[in-house]
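Below, each chain spelled out in residue letters.
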Amino acid sequence: MLVAAQAWRVKTFRALRHPNYRRYWFSQLLSLVGSWMQSTAQSYLVLELTNNNAAALGWVTAAQFTPSLLLSLFAGAIVDRVPRRRVLMSTQITLMITAIILAITTHLGLVSFELVLILAGISGIANAFDMPARQSMVVDFVPREDVPNAVALNSLSFNVSRTLGQAVFGGVAALGVALFAGRGAASSSIEGLAFPFYLNVVSFGLVIYVLATLPFPAREVGGQRAVIDDIKEGLRYVRATPNIAVTMVLVALLSLTAINFNVIIPYFARAVYNLREGGFGAMNAAFGVGAMVGALWQASQADPAKNLRSGAIILIISLAVFALTPSALLASLVLAVCGFGMLTFLISANSTVQLTVPNALRGRVMSLYSLVLAGMGPPGALLVSYLIDKSGPLGPRQGLIVVGVLALLAVVAVWRRLPRGMTRAETPLEVAQAVQAGTLEAGKKPMQAPVMGEGESKKAAP
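Residues numbered from 1 in each chain as written. Predicted model: local features only at pLDDT ≥ 70, side-chain atom pairs only at ≥ 80, totals over all residues. Heavy atoms only, no water.

### Looking at the environment of Met 37
Of note, Met 37 is situated in helix α2 (residues 19-49). Linking Met 37 and Thr 163, residues 126 residues apart in sequence, is a C-alpha distance of 9.8 Å. Excluding its chain neighbours within four sequence positions, the residues that come into contact with Met 37 are Gly 165, Val 168, Phe 169, Val 172, Pro 196 and Leu 199. (Helix = DSSP H or I, 4+ residues; strand = E, 2+ residues; numbered from the N terminus. Contact = heavy atoms within 4.5 Å.)

Following this line, the structure appears as structure tokens:
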């Protein structure tokens with residue numbers, strides 16, 4: 001038993017044996033705990049400032065994610081032109097400054113909804129550049145055979161930090177009230193929210209130090225062409241590479257439908273199960289635990305890209321079961337399965353893209369991945385919120401069933417074309433030929449990275 005557990009640990013966390021990746025991973029884990037504390041505190045702050053106005057919270061969410069929809073392609077071209085350290089240092093410093101402003105103004109009682117909205121927009125712009133840079137830097141610190149594991153561990157750190165950040169928020173906010181109260185009970189609850197912001201500032205300081213001292217390896221960078229030409233090059237590559245194109249199409253469609261738990265969980269917790277804050281937190285925690293298990297399971301797989309179909313099916317079936325679950329307790333258990341399915345699908349999709357794209361195009365392609373994942377969030381949230389609203393034509397349960405049916409239709413539409421396992425990156429010659437021809441050379445087989453093991457007996461790999 002102990003031998004088996006040791007073998008599982010080594011296999012699951014094998015990317016952490018590389019010192020530079022290990023330093024980066026632990027610094028990100030700590031920073032993300034602070035970021036999730038700040039995100040939760042910001043939501044409470046907006047509700048406090050606007051007398052529980054849900055529309056105001058929606059505007060702040062839109063301000064955070066709309067830049068990803070508008071700037072992701074441009075950001076990817078910049079990431080491929082500029083050293084990743086410079087991009088990440090700039091985004092992390094910007095995000096730290098917004099946290100400092102939010103902490104000080106909240107502490108002094110000077111914060112307003114308009115200020116929170118502006119800072120959310122600035123953070124959204126920074127994250128539009130930060131996401132593709134972080135997504136594409138995995139290959140800087142681990143060899144190619146450990147890229148799938150590193151992708152899974154990145155998702156694990158995100159979901160572990162989400163669970164921890166939301167779990168400790170209540171205690172941190174209460175401690176903040178004790179530290180910063182002093183101008184009356186009416187203002188102390190808002191002032192106490194400054195403490196999570198201050199802690200997030202400290203976590204940013206650690207990440208900036210790690211980024212400044214990590215030895216980023218030399219890599220190919222973009223030339224002196226116009227940025228729009230670099231963007232077109234990345235789009236041509238994705239269109240000419242079926243494994244990536246069909247994977248991104250499915251990620252976009254599921255982001256519009258099933259992957260909208262930031263809307264589904266709170267609405268069902270309040271409008272369907274009539275839960276208060278504690279029950280809402282428990283539902284979120286259950287989803288987070290399932291997501292962590294999914295990330296751990298994917299990290300232990302030799303080929304996480306092969307679980308693209310199974311992850312999507314688990315997500316859709318569990319979503320439909322959740323829609324019909326009568327009690328909040330059972331619903332929380334089903335949400336854990338939803339989290340497992342969602343992370344299994346997303347890690348498989350990310351691994352498929354990361355293992356197919358060449359380094360010279362990685363920033364642009366990963367920016368497109370960020371676009372279809374995060375950029376589809378605002379329209380997806382609007383669609384799902386309309387379908388599940390009690391005042392809508394269907395109501396919560398029937399509306400969520402429709403969401404699941406739409407997601408299932410998306411999966412069925414691309415089922416045959418989805419990749420079935422680990423892929424290889426195209427050679428520089430293939431990339432150069434594709435770029436020169438605009439898409440592909442006449443008569444040349446599309447640049448589809450073959451499944452590992454297929455075709456190896458027919459000819460040697462280039």
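### Some words on the pattern of salt bridges
Applying the stated rule across the entire model yields four salt bridges. Residue Arg 17 is joined to Asp 146 by a salt bridge in which the shortest nitrogen-to-oxygen separation is 3.0 Å. One end of the pair, Arg 17, is in the loop between α1 (2-12) and α2; the other, Asp 146, is in the loop between α6 (138-141) and α7 (147-180), and 129 residues separate them in sequence. Glu 233 is paired through a salt bridge with Arg 364; the nearest N and O atoms lie 3.4 Å apart. On the criterion of sequence distance, the pair formed by Glu 233 in helix α10 (residues 227-240) and Arg 364 in helix α16 (residues 362-375) is long-range, its members being 131 residues apart. With respect to class, Glu 233 is no different from Arg 364; both count as buried. In this structure, a network of salt bridges that share partners links the residues Arg 14, Arg 17 and Asp 146. (Salt bridge = Lys/Arg side-chain N within 4 Å of Asp/Glu carboxyl O. Buried < 20%, exposed > 50% of the residue type's maximum accessible area, 1.4 Å probe, protein only.)

### Things to note about helix α14 (residues 308-324)
Along its 17 residues, α14 runs 25 Å from first to last C-alpha, staying within 8% of the 24 Å computed at 1.5 Å per residue. For α14, every residue scored as buried is listed here: Leu 308, Arg 309, Gly 311, Ala 312, Leu 315, Ile 316, Ser 318, Leu 319, Phe 322 and Ala 323. Buried residues in α14 make contact with α11 (242-256), α12 (261-272), α15 (328-354) and α18 (396-414). (Expected span 1.5 Å × (residues − 1).)

### A word on empty space enclosed by the protein
Evaluation of the coordinates by the stated rule reveals two cavities of 30 Å³ or more. In terms of lining residues, the second largest cavity is bounded by Leu 73, Ile 231, Gly 234, Leu 235, Arg 364 and Ser 367. Every element with two or more residues in the lining of the second largest cavity is listed here: α10 and α16. Among the residues making up the lining of the second largest cavity, the classes are represented as three nonpolar, two polar and one charged. (1 Å grid on protein atoms, 1.4 Å probe; cavity = no way out; pocket = protein on both sides within 12 Å on 5 of 7 lines; lining within 4 Å. Points joined across faces, edges and corners; volume = space filled by probe spheres on them. Nonpolar A, V, L, I, M, F, W, Y, C, P; charged D, E, K, R; others polar.)

### A short note on α15
Here α15 is 27 residues long and its end C-alpha atoms lie 38 Å apart, about the 39 Å a rise of 1.5 Å per residue gives. Taking burial as the measure, the 27 residues of α15 include 22 buried ones, the bulk of the element.

### Some words on the nonpolar core
Core analysis: the biggest nonpolar cluster contains 102 residues, and Tyr 21, Met 248, Phe 261, Phe 322, Phe 345, Val 365 and Leu 400 have the highest contact counts within it. The dominant element in this core, judged by the number of residues it contributes, is α15, at 12 residues. Looking at which domains feed residues into this core, each of domain 1 (14-214) and domain 2 (227-426) supplies at least three. Sequence-distant contacts of Phe 322, that is, excluding residues within four places in its chain, are made with Ile 264, Phe 268, Tyr 273, Ala 331, Val 334, Leu 335, Arg 397 and Leu 400. Core analysis: the second largest hydrophobic core is formed by 18 residues, Ala 41, Leu 45, Val 60 and Leu 102 among them. (Core = buried A, V, L, I, M, F, W, Y, C linked by side-chain atoms within 4.5 Å. Domains from an automatic or database assignment.)

### What about the side chain of Gln 354?
Within the element layout of this structure, Gln 354 appears in helix α15. Its relative accessible area of 2% is what places Gln 354 among the buried residues.

### Details of the environment of Ser 112
Secondary-structure assignment places Ser 112 in the loop between α4 (84-107) and α5 (113-136). Between the alpha carbons of Ser 112 and Val 46 there is a distance of 8.5 Å; along the sequence they are 66 residues apart.

### Considerations on the packing of aromatic side chains
A full pass over the atoms with the stated rule returns nine aromatic pairs. Ring centres of Phe 74 and Phe 129 lie 6.1 Å apart, and the angle between their planes is 90°; this geometry places the pair in the edge-to-face category. Of this pair, Phe 74 sits in helix α3 (residues 54-81) while Phe 129 sits in helix α5; the two residues are 55 residues apart in sequence, bridging distant segments of the chain. For Phe 74, a relative accessible area of 36% corresponds to the partly exposed category. For Phe 129, a relative accessible area of 18% corresponds to the buried category. Here the aromatic cluster, defined as three or more aromatic residues joined through ring pairs, consists of Tyr 24, Phe 141 and Phe 216. Seen from the ring of Trp 415, Arg 309 lies directly overhead, with NZ or CZ sitting 5.3 Å from the centre. (Phe/Tyr/Trp six-rings, centres within 6.5 Å; stacked < 30°, edge-to-face > 60°. Lys NZ or Arg CZ within 6 Å of the ring centre and 35° of its normal.)

### Observations regarding the environment of Pro 67
Positionally, Pro 67 belongs in helix α3. Separated by 60 residues in the primary sequence, Pro 67 and Asn 127 place their C-alpha atoms 8.2 Å from one another. Among all residues touching Pro 67, those that are not within four sequence positions of it are Ala 62, Ser 72, Gly 121, Gly 124, Ile 125 and Ala 128.

### Things to note about the packing of α11 against α16
At a minimum axis distance of 8 Å, the contact between α11 and α16 shows a crossing angle of 25°. Judged by the angle between their axes, α11 and α16 are roughly parallel. Here α11 contributes Ile 244, Met 248, Val 251, Ala 252 and Ser 255 to the contact with α16, which in turn contributes Val 365, Leu 368, Tyr 369, Val 372 and Leu 373. Considering only residue class, the contact of α11 with α16 consists of nine nonpolar, one polar and no charged. (Axes fitted to C-alpha atoms, helices over the stretch in contact; angles between N-to-C directions. Parallel < 35°, antiparallel > 145°, perpendicular 65-115°, else oblique.)

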